[in-house]
Amino acid sequence: MGVLMGEGSVAKTAGGPLFRPVIPFTAALITGIIIADALPGFSVAALAIFFVTILRVVHCLHRSRSSLWAPLLAAMAAGYLSLMPWLAPRHGPDHVTCFLDSGRWLVRARVVDRPIHRQGRTRFVVAVQALSRAHTRHPVSGRIRLTVMGDVAPNPGDIVSFRARLRSFHNFRNPGGFDYCRYMAFQRIHGSAWVRSDKLGIDPRPPSRSAGRLIQDARRKLAQIIDATGNPWTADDKAVLKALVVGDRSGIDDTLRQRFNRAGVGHLLAISGLHVGIVATLAFGLFKWLFSFLPALLWRGWGRAWAAGATLFPVLAYGLLAGMSPSTQRAVIMVAVFLFSLMLGRSRDTLNTLAVAALIILIVFPPALFSISFQLSFAAVLAIVVGMQRIGIHRDPGAPLTRKTVQWLIGGVLVSVLAVAGTMPVVLYYFNQTSLVGVAANLVLIPLVGFVAVPMGLVCAVTSFFLEPVAILGFQMALAIVHVALMVIDGFAALPFAALRTVSPSVLEIGIYYTAGWALLNWRRIPIASWVLAIVIGVAVGDGLYWTYQRFWHRDFKVTAIDVGQGASTLMEFPGGDVMLMDGGGFSDNRIFDMGQRVVAPLLWRRKIARVNILALSHPNADHLNGLIFIARHFHVQELWINGDANTTWGYKQLMAVCLEKGIAVRILDTRTRNKTVGGVTLSVLHPPPGYAVTVGADQQDRRNNASLVIRARFEKTAFLLTGDIMAEAEKGLVQREGLQLASTVLFAPHHGSRTSSSAGLIAAVQPQTVVISAGVNNRFGFPHAEVIRRYRGAGCGIWCTCTHGAIFLSSDGDQVYRK
């Protein structure tokens, strides 16, 4: 490195860019990975840059010349190329991806990971070995995720067989939405299948004495011991202790997770840098104390180095016991790098050590950069390290105990504040919630859980292999600590101001935040920091004005068909900022996948929408209703419009309960309802007739569809007709009552493009220029039907479908409708 910088080069001085050489190289590698994710398909160019820059480095070494940008460009190109095997893998003809969406197969596969049981389903990953049907058998490679309806308990390594359709993954294609396909690709999982438990054949693997099997058996035994621990401990107590000791989070349901998140201590549930760091801290302190009794080490000053080396063993053991999940692996690597720096006497340069840890993690697994745990861990540690260095709290070793205690408390508060501040934009970006009590909660719960419950649980885990009765007594004590911790968490979470939900920050806004933080921390140290802060404030003001215009000052009428798969959800943004959401999509069981929380709400938050004035439910079917429950609970809704069909499903009861809890006015609409004007847009209820929906029976699905609310939104010369799931019968009545008054610029096709809807009479009456169809990719109903598509094309309509185009954005200036 010295040759590359050149003798006497300014880069070699403390202020130069390569004073900490790993930092710029890690930054360059990260930049290359980010570019690869944003602009894939340039591997040849990246490979050329890599070889040219490497030749440049070799030439500089040979000529003893300095070179700064060539190695950095090489690292950037290497980062780009390192991600390509995940973004664009090259599979052979025998890979499972060649057999997806091709009908039913008899599948033979090997279980790869530990099953997770939740809500009556069991999920695990299998490596496919062979596919068979019609007397043909194909040897196959590649992994898929298998969902079993029911509880089964195969072990990693067991062979399973089942008949199923292998399906490819599909995203909900909404701007800023979670890229599920990429997420699974980064885990080398290429498809999915599901089967009933009674149709799954399991061929158990013969008992093995391999290290992996022994660790799995040990983890299972410890989980069983914790579960078998008697009263008075609750299932939540045991679930949390299992998560802390053996990394088993299958018992952590959404309600328990939300309690932790509201209190600002959600990170305690995942074994990551905090837990591994605590284990390392305690182990290092213990070994340092033990080695202080060895004069040979003291004379040579080797005590710290030997303690650091010995600490590697409990750290690795804890990672293995916890299952070595990706977040645990990264934590172990990070802590191991810090321990090695202690062994080598380089512990003072924490930033360089942190960069080494990131470099190793990204070389081993480049997609780690995009994982939430990686971003949160490094953001927290970086904020703490830089913040503590800049603030510079002085601790006097000779101070009285009282002053030391005060200094320790101030340091603890500062560390907690810096960790929260450093991770806040990342937390808001992914979770749209920040805890306002997190600093106080962490000050209480990290010592209680991290320094008491976790070490006690680990000691009991080791003891269980020798003296199980003693271990059970110890687990009782650990559960008591966890129980107290949960009481504290519930106390913080119950506070009305405990957590704040907010809109999503953009990448620009995250950059503004961190740049401003850097400028504030370096205000007195670096002259340019004040200018940087001034520029950042200017950019922030411009960003705020832009979003204020987009939300409240715009004069156009915006209508969005949200991609919710096989369902419907339509967002209307009126001039002046009021918002209406008609339907919310949804699956039959919100506990498995909450469409409102996972799909609709993120889109609203990305568009800076925190309040929905009006919810409208066309009819109470799950694929229109269930996504509204989360929106009603978290978006300050004023009114809910319904058609009067009081369905008895869980989803309908839950929605009504939320309306009662939140004070949302529930209005039953029919054709007698007076028009409502919002921001210059007139909303008219054209269906159902009075009393029609009230008479729907529980088993009358066609009548329920025909009772859907039909709403026409007219903005000057343009109009949008939203039709729910009405069918031919309701369409006929609608045309007879309204006639040419149905004329609309945009028609949201009835019943997802079903053949039983979109009759020729309706199309002739509406005369739409554009038709929007909401349907899921490869849905089992075959929507939209080819016959319906022919009718619309025959009428000269432009057709847009969420199943092929994703979310569809339309806007009207009152004269024309534009697709964005």
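Residues numbered from 1 in each chain as written. Predicted model: local features only at pLDDT ≥ 70, side-chain atom pairs only at ≥ 80, totals over all residues. Heavy atoms only, no water.

Comments concerning the overall build of the protein
And step 1. The helix and strand tally for the protein stands at 28 helices and 25 strands.
And step 2. Here the contacts in the protein between residues at least 6 apart in sequence split such that 70% fall between residues at least 24 apart.
And step 3. Surface exposure of the protein reaches about 38,700 Å², of which carbon and sulfur atoms provide 63%.
And step 4. Within the protein, the 45 negative side-chain charges are centred at a point lying 8 Å from the centre of the 80 positive side-chain charges. (Helix = DSSP H or I, 4+ residues; strand = E, 2+ residues; numbered from the N terminus. Contact = heavy atoms within 4.5 Å. Areas by Shrake-Rupley, 256 points an atom, 1.4 Å probe, with all protein chains shown as cover. Lys, Arg positive; Asp, Glu negative; His and termini not counted. Charge placed at Lys NZ, Arg CZ, Asp CG, Glu CD.)

With respect to a positive patch on the surface
And step 1. A contiguous patch of positive charge on the surface is contributed by R104, R163, R165 and R167.
And step 2. With respect to the secondary-structure elements, R104 resides in strand β1 (residues 104-111).
And step 3. Owing to a relative accessible area of 43%, R104 belongs among the partly exposed residues under this scheme. (Patch = residues over 30% accessible without salt bridge, like charges linked within 9 Å, V, L, I, M, F, W, Y side chains within 5 Å. Salt bridge = Lys/Arg side-chain N within 4 Å of Asp/Glu carboxyl O. Buried < 20%, exposed > 50% of the residue type's maximum accessible area, 1.4 Å probe, protein only.)

Considerations on the sheet that holds strand β24 (residues 808-812)
And step 1. Pairing within the open sheet is mixed, and its eight strands lie in the order β16-β15-β14-β13-β12-β11-β24-β25. With partners counted over all chains shown, the strands left at the sheet margins are β16 (665-668) and β25 (817-819), one partner each. Strand-to-strand twist across the sheet, computed as the mean angle between neighbouring axes with direction ignored, equals 20 degrees.
And step 2. For strand β15 (residues 639-642) and β16, the ladder comprises four bridges, and the chain directions are parallel. The residue of β16 that forms the bridge with L640 is V666.
And step 3. Contacts from helix α23 (residues 650-662) reach β15 and β16 within the one sheet, and its direction differs from that of β15 by about 150 degrees. (Pairing = 2+ DSSP bridges. Axes fitted to C-alpha atoms, helices over the stretch in contact; angles between N-to-C directions.)

Digging into the packing of helix α22 (residues 627-634) against α23
And step 1. For the pair α22 and α23, the least separation of the axes is 9 Å and the interaxial angle reads 10 degrees. Taken together, the axis directions place α22 and α23 in an arrangement best described as roughly parallel. Across the interface between the two elements, L628, I629, A632 and R633 from α22 touch W650, G651, Q654, L655, V658, E661 and K662 from α23.
And step 2. Class assignment for the residues of the contact of α22 with α23 results in six nonpolar, two polar and three charged. (Parallel < 35°, antiparallel > 145°, perpendicular 65-115°, else oblique. Nonpolar A, V, L, I, M, F, W, Y, C, P; charged D, E, K, R; others polar.)

A few points about the nonpolar core
And step 1. If you look at the biggest cluster of nonpolar residues, it comprises 58 residues, and the most contacted ones within it are V240, L241, F260, V265, V276 and L445.
And step 2. Put simply, the parts of the chain that give this core at least two residues each are α6 (211-228), α7 (235-246), α8 (254-263), α9 (273-291), α11 (303-321), α12 (326-343), α16 (438-463) and α17 (468-493).
And step 3. By residue number, the principal contributor to this core is α16, which donates nine residues.
And step 4. Other than its neighbours up to four places away in sequence, F260 contacts V240, V265, G266, L268, L269, L486 and I489. (Core = buried A, V, L, I, M, F, W, Y, C linked by side-chain atoms within 4.5 Å.)

As for the pairing of strand β20 (residues 718-722)
And step 1. Across the five residues of β20, five count as buried, placing the element largely inside the fold.
And step 2. Every second residue of β20 is oriented toward a common face, with T718, F720 and L722 on one face and A719 and L721 on the other, all of them buried.
And step 3. Sheet analysis places strand β19 (residues 710-715) next to β20, joined by five bridges and oriented antiparallel. Within β20, the residue paired with F715 across the bridge is T718.
And step 4. Linkage of β19 to β20, two consecutive antiparallel strands, is achieved through a turn of two residues, within which E716 is found at a positive phi near 55 degrees.
And step 5. In terms of strand pairing, β20 meets strand β21 (residues 746-748) through three bridges, oriented parallel. Counterpart to F720 in the pairing with β21 is V746.
And step 6. In this fold, the crossover linking β20 to β21 by way of helix α25 (residues 728-738) has right-handed handedness. (Right-handed = clockwise from strand over helix to strand, strands pointing away.)

Observations concerning the pattern of salt bridges
And step 1. Applying the stated rule across the entire model yields 19 salt bridges.
And step 2. Ionic pairing is found between D37 and R182, a salt bridge with its closest N-O pair at 2.7 Å. Taken together, the positions of D37 in helix α2 (residues 22-38) and R182 in helix α5 (residues 180-186) put the pair 145 residues apart, joining distant regions of the chain.
And step 3. Residue class for D37 comes out partly exposed when judged on its relative accessible area of 25%.
And step 4. The exposure class of R182 is partly exposed, given its relative accessible area of 23%.
And step 5. Linking K717 and D815 is a salt bridge whose minimum nitrogen-to-oxygen distance equals 3.6 Å. Linking K717 in the loop between β19 and β20 with D815 in the loop between β24 and β25, this pair joins segments that are 98 residues apart in sequence.
And step 6. For K717, a relative accessible area of 68% translates into the label exposed.
And step 7. On the accessibility criterion, D815 (40% relative accessible area) is partly exposed.

As for the pairing of strand β13 (residues 579-582)
And step 1. Side-chain alternation along β13 places V579 and L581 on one buried face and M580 and M582 on a second face that is also buried.
And step 2. Here four bridges tie strand β12 (residues 570-573) to β13, and the two strands are oriented antiparallel to one another. Of the residues in β13, the one forming a bridge with L571 is L581.

Concerning helix α19 (residues 528-553)
And step 1. End to end, α19 covers 36 Å across 26 residues, agreeing with the expected 38 Å (1.5 Å per residue, within 8%).
And step 2. Every buried residue of α19 is accounted for by A529, V532, L533, V536, D543 and R551.
And step 3. Buried positions along α19 lie against α18 (507-521) and β13. (Expected span 1.5 Å × (residues − 1).)

Focus on the packing of helix α20 (residues 595-606) against α22
And step 1. It is at 7 Å that the axes of α20 and α22 come closest, and there the two elements cross at 55 degrees. Put simply, α20 runs oblique to α22. When you trace α20 past α22, the crossing you get is right-handed. Seen from α20, the contacting residues are M595, G596, Q597, V600, A601, L604 and W605; seen from α22, they are G627, F630 and I631. (Left-handed = near helix turned anticlockwise from the far one by under 90°.)

Some words on helix α27 (residues 786-794)
And step 1. Every buried residue of α27 is accounted for by V788, I789 and Y792. Axial view of α27: buried residues confined to an arc of 100 degrees, hence all on one face. Away from its buried face, by an angle of more than 90 degrees, α27 presents the exposed residues R790, R793 and G794.
And step 2. At its buried positions, α27 is contacted by β21, α26 (760-766), β22 (770-773) and β23 (798-801).
And step 3. With its phi angle positive at about 80 degrees, G796 sits one or two positions after the end of α27. (Arc of directions from axis to C-beta.)

Describing the confidence of the model for the protein
And step 1. Across the protein, the average pLDDT comes to 90, with 96% of residues at 70 or higher.
And step 2. Ignoring residues within four places in sequence, the model shows residues 1-17, a span with pLDDT below 50, making 32 contacts including any to other chains. (pLDDT = per-residue confidence, 0-100.)

What to know about the packing of aromatic side chains
And step 1. A full pass over the atoms with the stated rule returns 23 aromatic pairs.
And step 2. When the ring of W289 is compared with that of F293, the centres are 5.2 Å apart and the planes differ by 90 degrees; the resulting orientation is edge-to-face. Comparing W289 with F293 shows no difference in burial state: the two are exposed.
And step 3. Geometrically, the ring pair formed by F291 and W306 is edge-to-face, given 6.3 Å between the ring centres and 90 degrees between the ring planes. Here W306 lies in helix α11 and F291 lies in helix α9, a separation of 15 residues in the sequence.
And step 4. Owing to a relative accessible area of 15%, F291 belongs among the buried residues under this scheme. (Phe/Tyr/Trp six-rings, centres within 6.5 Å; stacked < 30°, edge-to-face > 60°.)

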